[in-house]
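Chain by chain, the residues run as shown.
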Amino acid sequence: MGAIYLVRHGQASFGAEDYDALSPRGFEQSTVVGAELLRRTVSFGQVRSGTLARQRDTAATALKVLGSDVPVVEDPRWNEYDHVDIARHHAGGAPQEDSRAYQGVLDAALTAWTTAGADGPCAETWPAFLERCRGALADLVAALGKGEHAVVFTSGGVIATICGLLLGTPEVGLLKLNRVTVNGGITKLVSGRGGVTMLSFNEHPHFEADAASLLTYR
């Protein structure tokens with residue numbers, strides 16, 4: 001069976017003017033991810049990334065360590081939901097000075113976003129986000145050759161939604177799994193005759209022991 005490795009991007013610049021830029025720690029995490037993928041000795045025939053800077057830079061940094069020369073196919077369907085737009089419409093906006101307080105506001109906003117469905121006021125509604133995540137995964141699976149593996153550099157909300165989708169509860173996936181995804185975490189899916197199955201979620205032993213200081217959730 002072919003496997004798809006979903007990698008969450010490294011730490012972005014929370015609270016900074018440009019959130020989308022990887023932080024110095026984010027670059028370190030991306031290097032560790034590359035080393036972890038190298039340790040697994042998996043040969044990737046397909047490489048995907050969203051078009052956000054934090055996703056593209058995570059991919060470039062990790063792949064340099066991995067030594068992969070497979071071209072990265074950028075696809076905006078792997079981009080994260082717009083947390084600023086969602087918080088503005090469903091929670092009146094939220095300051096980003098306090099990470100814990102912001103998480104509480106975002107959780108409430110995401111709940112309202114999914115509940116609003118296609119009638120929501122955001123530029124991208126929950127059904128539209130869900131459909132693009134579903135389509136991105138389906139197209140990648142269709143592109144895989146027999147026994148071929150792929151790695152995707154994406155974001156926590158996308159990974160959580162896809163895992164929820166595979167478990168039959170995409171809304172629960174987004175609202176519950178998204179909160180615990182770590183930067184640089186690895187989720188493994190397998191694709192076979194029976195469809196796509198989640199084999200593991202949010203693996204991060206590469207951020208334990210000597211690398212424990214690199215473990216972050218935002």
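Basis of the calculations
Residues numbered from 1 in each chain as written. Predicted model: local features only at pLDDT ≥ 70, side-chain atom pairs only at ≥ 80, totals over all residues. Heavy atoms only, no water. Phe/Tyr/Trp six-rings, centres within 6.5 Å; stacked < 30°, edge-to-face > 60°. Helix = DSSP H or I, 4+ residues; strand = E, 2+ residues; numbered from the N terminus. Buried < 20%, exposed > 50% of the residue type's maximum accessible area, 1.4 Å probe, protein only. Domains from an automatic or database assignment. Contact = heavy atoms within 4.5 Å. Buried area = accessible area lost by both parts, 1.4 Å probe. Pairing = 2+ DSSP bridges. Expected span 1.5 Å × (residues − 1). Axes fitted to C-alpha atoms, helices over the stretch in contact; angles between N-to-C directions. Polar contact = N/O pair within 3.5 Å; in protein donor to acceptor, adjacent residues only side chain to side chain. Parallel < 35°, antiparallel > 145°, perpendicular 65-115°, else oblique. Left-handed = near helix turned anticlockwise from the far one by under 90°. Nonpolar A, V, L, I, M, F, W, Y, C, P; charged D, E, K, R; others polar.

Here we come to the packing of aromatic side chains. Per the stated rule, a full pass over the model turns up six aromatic pairs. Summarising the aromatic geometry, the rings of Trp126 and Phe129 are spaced 6.1 Å apart at their centres and angled 35° between planes, so their arrangement reads as tilted. With a gap of three residues between them, Trp126 and Phe129 both fall in helix 5 (residues 126–143), about one helical turn apart. For Trp126, a relative accessible area of 3% puts it in the buried group. What links up through ring pairs into an aromatic cluster is the set Tyr81, Trp113, Trp126 and Phe129.

A common way to state how big an interface is: give the accessible area lost once the parts meet. With domains assigned, the protein chain is organised as domain 1 (1–8 + 44–81 + 124–211) and domain 2 (83–123). Listed as interface residues are 11 residues of domain 1 and, on the opposing side, 15 residues of domain 2. Taking both partners together, domain 1 and domain 2 bury about 1100 Å²; carbon and sulfur atoms supply 66% of that area. If you sort the residues of domain 1 by the area they bury against domain 2, Tyr81, Glu124 and Leu175 come out on top, with a joint share of 47%.

Our focus in this paragraph is the pairing of strand 2 (residues 44–49). The buried fraction of strand 2 amounts to five of the six residues, a majority that puts the element mostly inside the structure. Sheet topology note: the strand 2/strand 3 (residues 72–74) ladder contains three bridges and is parallel. The partner of Arg48 across the bridge, within strand 3, is Val73.

In a regular helix each residue adds 1.5 Å, so 16 residues correspond to 22 Å; helix 1 (residues 24–39) covers 23 Å between its end C-alpha atoms and thus fits that length. Every buried residue belonging to helix 1 is among Gly26, Gln29, Ser30, Val32, Val33, Gly34, Glu36 and Leu37, and all of these are buried. For helix 1, the elements touching its buried residues are strand 1 (2–8), strand 2, helix 2 (53–66), strand 4 (149–154) and strand 5 (186–192).

The next subject is the sheet that holds strand 3. Strand order in the open sheet formed by six strands is 3-2-4-1-5-6, and the pairing between neighbours is mixed. In this open sheet, the two edge strands, each paired with only one partner strand, are strand 3 and strand 6 (195–203). Here the average twist between neighbouring strands, direction ignored, is 20°. Judged from the six bridges that link them, strand 1 and strand 5 form a sheet pairing that is antiparallel.

In this section: the side chain of Asn183. Considering the arrangement of structural elements, one finds Asn183 in the loop between helix 7 (170–177) and strand 5. Looking at Asn183, the relative accessible area reads 0%, which means it is buried. At 3.3 Å, the side chain of Asn183 and the backbone oxygen of His9 are in polar contact. A polar contact of 2.6 Å, which involves the side chain of Asn183, links it to the side chain of Thr216. Each residue touching Asn183, except ones within four places of it in the same chain, is listed here: Arg8, His9, Gly10, Gln11, Gln29, Phe207, Thr216, Tyr217 and Arg218.

Residue placement: Leu38 occurs in helix 1. Linking Leu38 and His149, residues 111 residues apart in sequence, is a C-alpha distance of 14 Å. Setting aside residues up to four positions removed in sequence, Leu38 forms contacts with Val65 and Leu66.

In the contact formed by helix 1 and helix 2, the axes pass within 7 Å of each other and the chain directions differ by 45°. Relative to helix 2, the element helix 1 is oriented oblique. The crossing of helix 1 and helix 2 is right-handed. Facing Phe27, Ser30, Thr31, Val33, Gly34, Ala35, Leu37 and Leu38 of helix 1, the residues of helix 2 in contact are Asp57, Thr58, Thr61, Ala62, Val65 and Leu66. Of the residues that constitute the contact of helix 1 with helix 2, the class distribution is eight nonpolar, five polar and one charged.

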